[in-house]
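For reference, the chains in residue letters:
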Amino acid sequence: MAMDKNFDAKTAEARIAAKWDTAGAFRAGANKARDESFCIMIPPPNVTGSLHMGHAFNNTLQDILVRWHRMRGFDTLWQPGQDHAGIATQMVVERGLAAEGKKRTDFTREEFLAKVWDWKAQSGGTIINQLKRLGASCDWSRNAFTMSGAPGAPEGEEGNFHDAVIKVFVDMYNKGLIYRGKRLVNWDPHFETAISDLEVENIETDGNMWHFKYPLAGGATYRYIEKDEEGTVIVDEMRDYISIATTRPETMLGDGAVAVHPSDERYAPIVGKLCEIPVGPTEYRRSIPIITDEYPDPNFGSGAVKITGAHDANDYGVAKRGGIPMYRLMDTRAQMRDDGAAYAEAAAIAGAVARGERVLSEAEADALNLVPDHLRGLDRYEARKAVVDEITSEGLAVMTRADDLRLGRKLGEDEDPAALVPLVEAKKIMQPFGDRSKTVIEPMLTDQWFVDAEKVVGPALDAVRSGRVKIMPESGEKTYYHWLENIEPWCISRQLWWGHQIPVWYGPQENHIDGRRNGFEDSEFTVRFCAPTFREAAELAKKHYGVSRAVEEERVAGSSYGHYGADEYCVQLSLGKSEEIAEDFVWLRRDPDVLDTWFSSGLWPIGTLGWPEATEELQKYFPTSVLVTGQDILFFWVARMMMMQLAVVGEVPFGHVYLHGLVRDAKGKKMSKSLGNVVDPLEIIDEFGADALRFTNASMASLGGVLKLDTQRIAGYRNFTTKLWNACRFAEMNGVWEGHSTQAMPPEAKATVNRWIISETARVRETVDAALAEYRFNDAANALYAFVWGRVCDWYVEFAKPLFDGEDAAETRATMGWVLDQCMILLHPMMPFITEELWGLTGQRDKLCAHADWPEYGAELVDADAMREMRWVLALIEGIRSARAQLRVPVGLKLNMVQLDLDEQGRAALARNMALVMKLARIASLEEVESLPKGSITVTVEGGTFGLPLEGVIDIAAERDRLEKTCAKAEKEMGGIEGRLRNPKFVASAPDEVVTEARERAQVLGAEVERLRAAITQLDGVA
């Protein structure tokens, strides 16, 4: 069947994908021809996700590696799967319920989870189909899910990933590597859960900084002296207060101290004294100590910092170092607490602590509610306004002139510039938002589960230091070391329903055992039983309490336990010795929290291969070969996989880590909806085809480079696919594919042109393999582009035309068929769809292109003489073409050419290829001369000089004038850009993408000026 005029990607891609699927082309071990294995674990996209440019880029690189190894006969597995994405998935399902006027807590936990599973069955596979459109050659029959096998999972969601996660938690808990503690975390008030740093977006917003006075206790005073940089005293006065500045006045209620730097002489007289928090009922005004710490900056603001350890990360560190109590002010919805004892009682206790009369345990400090009674229950921003109003009305705001520029406002027409007003600076502040809830995150001191990362980080550091794991680019290693050497405890619990529920049950203290179900406070349930199942936990409880009776599971719906809305999950243990039901039983409560998705995805390599079972896949494919992922999750995922696999099975999870940056727009800007520069990969595939997008991804994938996606570049690579298609059609029209079959080695060739193209093919095969082995995808792509388009589709096709009618016709047809086969094979990992289509259309094939044998030929096929001769011919033709283009000689015009001098080797090469040179350089005649005629431009090649007489062909003077003007314009623009780049202020203040764009433009202009100057010099040399 004759080839169509064009390759229709829209219709062909779906058909080709179905062919691969039917053939099982991507199953683990497909096309295996050697014992070595190659395995990549896909960074699991969220089950709620849809394909974005980051996915498209990342998965293209993985697919190139996988297809390359599969074609080389490796026992290959690309393991696909999705992450259950706790917050994102719960949000999607809750949003659907809200549309029906319902909320999560209208259901039991099981009922809600059933709805999540229903959603997953209907919509959770979206990204799988989108990855297939990209051409991802995963073993889709092994698609994994981080919640497979969880309780309540429906048919089709079997598997043991859940069992693996729970087993690891229990084992690490029993080894003392996991503990429950109270630490500061990112708290999302919308979802009422802790979230990771990766789920926090820090956004610059308009904010304020309020300046307040904290009066010294007992009316004490001190001499405050402030000096300028030269040591001149600018303030010398008696003060009865210390001033602080804050962007969150509502947190003042939980202050535990005011800190100053040890070197700050201004406050030396009052260090160790008490000052009053200027808010709350006057009769219960709370005092706190003034302490020293290295954290405050003496040169920023007043140099004094209020310390609210329960609501600020930096303050938390100061409080931990200084033994300052941390008082939590807000509930899970970021409203001011409305629990506990009255304010008068709480303030009295805190005052005694500040005076050193009493010590509070961590739990006692957390239970103490220091929110004044009249502010309890208010939203945090309502409380902020009330606090500011109260302080200002008491005259405890720091005052300044009305025309103070820090206020960020214009004076009214009748306003007195010298009038004193409260100092409230208008300034930009970085504010943390939940990336899904879009709610301002509250640093919150809460009870959470943690991995004691310091105990498991050592082997992960050693694995990279020793070279067992190589991180690319090398800059990634420095980041890796920095993070792990300064690691903090890893918070692994989330206050959600969707996820792996913590396998810990709580029992009451022995003196609180009776038949009541809901009568105890959470604090009374302190005996922990950690086990994979409730039955095993109950057995532990039986031993602990001395219970011999059988265990009954019972869920008490509508329980008052748990502030997350979960039903109480209980195990009834009868204390009776007989078969009769005793009056007293033990009730075990299960921890309602679930594990952070980073904990479960940290087990992705072994979990997807069947661990803890000793599966054949685990033995064969673990450790995996390489991880391809974004540099932004080096710590969140890569480092944690290293720690977890080493802690669990004592082995590294992969040998190489390839890190890439964010895919940005053509100007280097981060893609965002607000900027309107987001590129949808599916729209790109619809317009240009998957192959063009994939090749673009490969061509910009330089190690450590900036990833700029330009749709014009994508369009250019679509033209590349068209070029290859047309070359194969040309071959078809010249009988190349008649009776053609796949040949591993080229035919015996005598013609120089054929020996040359075989040599070029061998060279590019070596280049591509070397580049891919070192993860230099861009070098492999660029080499293939230059070879396929430049050498094969342009030069060889032209060179072959006259040979089809001569004595070398059969040899040329065989050579062209072999070379185009090699183009399809070498391009297949990057452009799988068009190469598979061409493979099926152009000969008798015994297997798919996806399984074609990757070539191993190399230097033995390189004919040095043929390479030298044809490269000389190409240099001559390209030199003539370049000279014509520079001086705008009409394309269709044939020129006479003269030969000034030429060595014997050049004469022989020219004689054998005269017809090609004359045709492709559009030369009418060639004559040997003693000197160049007037008006000639020179073309030099190795061993000789030629001339193109242009007298009467172009207006040399006018052409020189045009070139001078164009060059001057380019030089002027380049000078302006270079002037900006020499300005330190521009480089420091301009956005990174603007500076980068300026540098790149300067380079382009520099090359253009150099080219124009060379052309002008050429004209100046015209006789």
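**Overview of the overall build of the protein**
Here is step 1: Looking only at helices and strands, the protein has 30 helices and 36 strands in total.
Here is step 2: Taken over the C-alpha atoms alone, the protein extends approximately 110 × 85 × 55 Å along its principal axes.
Here is step 3: Across the 1023 residues that make up the protein, the buried fraction comes to 54%.
Here is step 4: A fraction of 76% describes how many contacts in the protein between residues 6 or more apart in sequence connect residues 24 or more apart.
Here is step 5: Accessible area of the protein: about 44600 Å², with a carbon and sulfur share of 48%.
Here is step 6: One finds the centroid of the 117 positive side-chain charges in the protein at a distance of 3 Å from the centroid of its 155 negative side-chain charges.

**Some points on the environment of Val594**
Here is step 1: Summarising the element assignment, Val594 is placed in strand E28 (residues 594–595).
Here is step 2: Sequence separation between Val594 and Thr108 is 486 residues, and the spatial gap between their C-alpha atoms is 16 Å.
Here is step 3: Non-local contacts of Val594, meaning those with residues more than four positions away in its chain, are made with Arg109, Ile492, Ser493, Arg494, Leu496, Trp497, Trp498, Gly499, His500, Gln501 and Ile502.

**So, the nonpolar core**
Here is step 1: Counting 219 residues, the largest nonpolar core has Phe169, Tyr480, Phe599, Trp756, Phe799, Met830 and Leu948 as its most contacted members.
Here is step 2: Of the residues forming this core, the biggest block, 15 residues, is contributed by helix H22 (residues 777–803).
Here is step 3: Ignoring any residue separated from it by four or fewer positions in sequence, one finds Met830 in contact with Ile64, Asp691, Arg694, Phe695, Ala698, Leu772, Phe777, Ala780, Ala781 and Leu784.
Here is step 4: With 39 residues, the next largest nonpolar core counts Phe212, Ile244, Ala304 and Cys491 among its residues.

**A few points about helix H6 (residues 161–174)**
Here is step 1: Over its 14 residues, H6 extends 20 Å from the first C-alpha to the last, a length consistent with the 20 Å expected when each residue adds 1.5 Å.
Here is step 2: Residues of H6 that are buried include every one of Phe161, His162, Ala164, Val165, Ile166, Val168, Phe169, Val170 and Met172, and no others.
Here is step 3: The first or second residue beyond H6 is Gly176, which carries a positive phi of 80 degrees.

**Observations regarding the pattern of salt bridges**
Here is step 1: Taken as a whole, this structure holds 63 salt bridges when the rule is applied.
Here is step 2: Among the ionic pairs, Asp206 bridges to Lys428, the shortest N-O distance being 2.5 Å. In this pair, Asp206 sits in strand E7 (residues 200–215) while Lys428 sits in strand E17 (residues 424–434), placing the two residues 222 residues apart along the sequence.
Here is step 3: The class of Asp206 is exposed, set by a relative accessible area of 64%.
Here is step 4: In this structure, Glu971 engages Arg1013 in a salt bridge whose closest nitrogen and oxygen atoms are separated by 3.6 Å. Of the two residues, Glu971 is situated in helix H28 (residues 956–982) and Arg1013 in helix H30 (residues 992–1020); the sequence distance between them amounts to 42 residues.

**A short note on the sheet that holds strand E13 (residues 287–292)**
Here is step 1: Read from one edge of the open sheet, 4 strands run E12-E13-E11-E14, paired in mixed fashion. A strand with exactly one partner marks an edge of an open sheet, and here the two such strands are strand E12 (274–276) and strand E14 (304–307). The mean angle between the axes of side-by-side strands here comes to 35 degrees, regardless of whether they run parallel or antiparallel.
Here is step 2: When strand E11 (residues 257–260) meets E14, the two strands line up antiparallel, connected through 4 bridges. By the bridge assignment for E14, Ala257 is matched with Ile307.
Here is step 3: Contacts from helix H7 (residues 313–322) reach E13 and E14, with the element oriented near 80 degrees to E14.

**Looking at the sheet that holds strand E23 (residues 527–530)**
Here is step 1: One open sheet accounts for 3 strands, arranged E23-E22-E27; its pairing is antiparallel. With one partner strand each, in any of the chains shown, E23 and strand E27 (589–590) form the two edges of the open sheet.
Here is step 2: The pairing of strand E22 (residues 504–507) with E27 spans 2 bridges and is antiparallel. Bridging across to E27, Trp505 finds its partner in Arg590.
Here is step 3: Here helix H13 (residues 534–545) sits on the sheet in contact with E22 and E23, set at roughly 140 degrees to E23.

**Points about the packing of aromatic side chains**
Here is step 1: Overall, the coordinates contain 32 aromatic pairs when judged by the stated rule.
Here is step 2: An angle of 45 degrees between the planes, with centres 5.9 Å apart, marks the rings of Phe730 and Phe804 as tilted. You can see Phe730 sitting in helix H20 (residues 711–733) and its partner Phe804 sitting in the loop between H22 and helix H23 (809–827), a full 74 residues away along the chain.
Here is step 3: For Phe804, a relative accessible area of 6% corresponds to the buried category.

**Digging into the environment of Leu1012**
Here is step 1: Note on placement: Leu1012 falls in helix H30.
Here is step 2: C-alpha separation for the pair Leu1012 and Gly24, spaced 988 residues apart in sequence, amounts to 56 Å.
Here is step 3: Aside from chain neighbours lying at most four places away, what touches Leu1012 is Leu963, Thr966 and Cys967.

**Observations regarding the confidence of the model for the protein**
Here is step 1: Looking at the protein, the pLDDT average stands at 91 and 94% of residues meet or exceed 70.
Here is step 2: Low pLDDT (under 50) marks residues 515–520, which in the prediction has 18 contacts with non-local residues, meaning those over four places away or in another chain.

**Re H30**
Here is step 1: Between its terminal C-alpha atoms H30 stretches 42 Å, which fits the 42 Å expected from 29 residues at 1.5 Å a residue.
Here is step 2: Residues of H30 that are buried make contact with helix H25 (864–886), H28 and helix H29 (984–989).

**Some remarks on the packing of H28 against H30**
When two helices pack together, their arrangement is given by the angle between the helix axes and by the axis-to-axis distance.
Here is step 1: Where H28 meets H30, the axes come as close as 8 Å, and the angle between the chain directions of the two elements is 155 degrees. Classified by the interaxial angle, the pair formed by H28 and H30 is roughly antiparallel. Handedness of the crossing formed by H28 with H30: left-handed.
Here is step 2: Across the contact of H28 with H30, the residue classes break down as 16 nonpolar, 2 polar and 10 charged.

**Overview of the side chain of Lys182**
Here is step 1: Looking at where Lys182 falls in the secondary structure, it is placed in strand E5 (residues 178–188).
Here is step 2: We classify Lys182 as buried; its relative accessible area is 9%.
Here is step 3: Within the structure, Lys182 has its side chain in polar contact with the side chain of Asp366 (distance 3.2 Å).
Here is step 4: Here the side chain of Lys182 touches Asp447 through a polar contact of 2.9 Å, side chain to side chain.

Calculation rules
- Residues numbered from 1 in each chain as written.
- Predicted model: local features only at pLDDT ≥ 70, side-chain atom pairs only at ≥ 80, totals over all residues.
- Heavy atoms only, no water.
- Helix = DSSP H or I, 4+ residues; strand = E, 2+ residues; numbered from the N terminus.
- Buried < 20%, exposed > 50% of the residue type's maximum accessible area, 1.4 Å probe, protein only.
- Contact = heavy atoms within 4.5 Å.
- Areas by Shrake-Rupley, 256 points an atom, 1.4 Å probe, with all protein chains shown as cover.
- Lys, Arg positive; Asp, Glu negative; His and termini not counted.
- Charge placed at Lys NZ, Arg CZ, Asp CG, Glu CD.
- Core = buried A, V, L, I, M, F, W, Y, C linked by side-chain atoms within 4.5 Å.
- Expected span 1.5 Å × (residues − 1).
- Salt bridge = Lys/Arg side-chain N within 4 Å of Asp/Glu carboxyl O.
- Pairing = 2+ DSSP bridges.
- Axes fitted to C-alpha atoms, helices over the stretch in contact; angles between N-to-C directions.
- Phe/Tyr/Trp six-rings, centres within 6.5 Å; stacked < 30°, edge-to-face > 60°.
- pLDDT = per-residue confidence, 0-100.
- Parallel < 35°, antiparallel > 145°, perpendicular 65-115°, else oblique.
- Left-handed = near helix turned anticlockwise from the far one by under 90°.
- Nonpolar A, V, L, I, M, F, W, Y, C, P; charged D, E, K, R; others polar.
- Polar contact = N/O pair within 3.5 Å; in protein donor to acceptor, adjacent residues only side chain to side chain.

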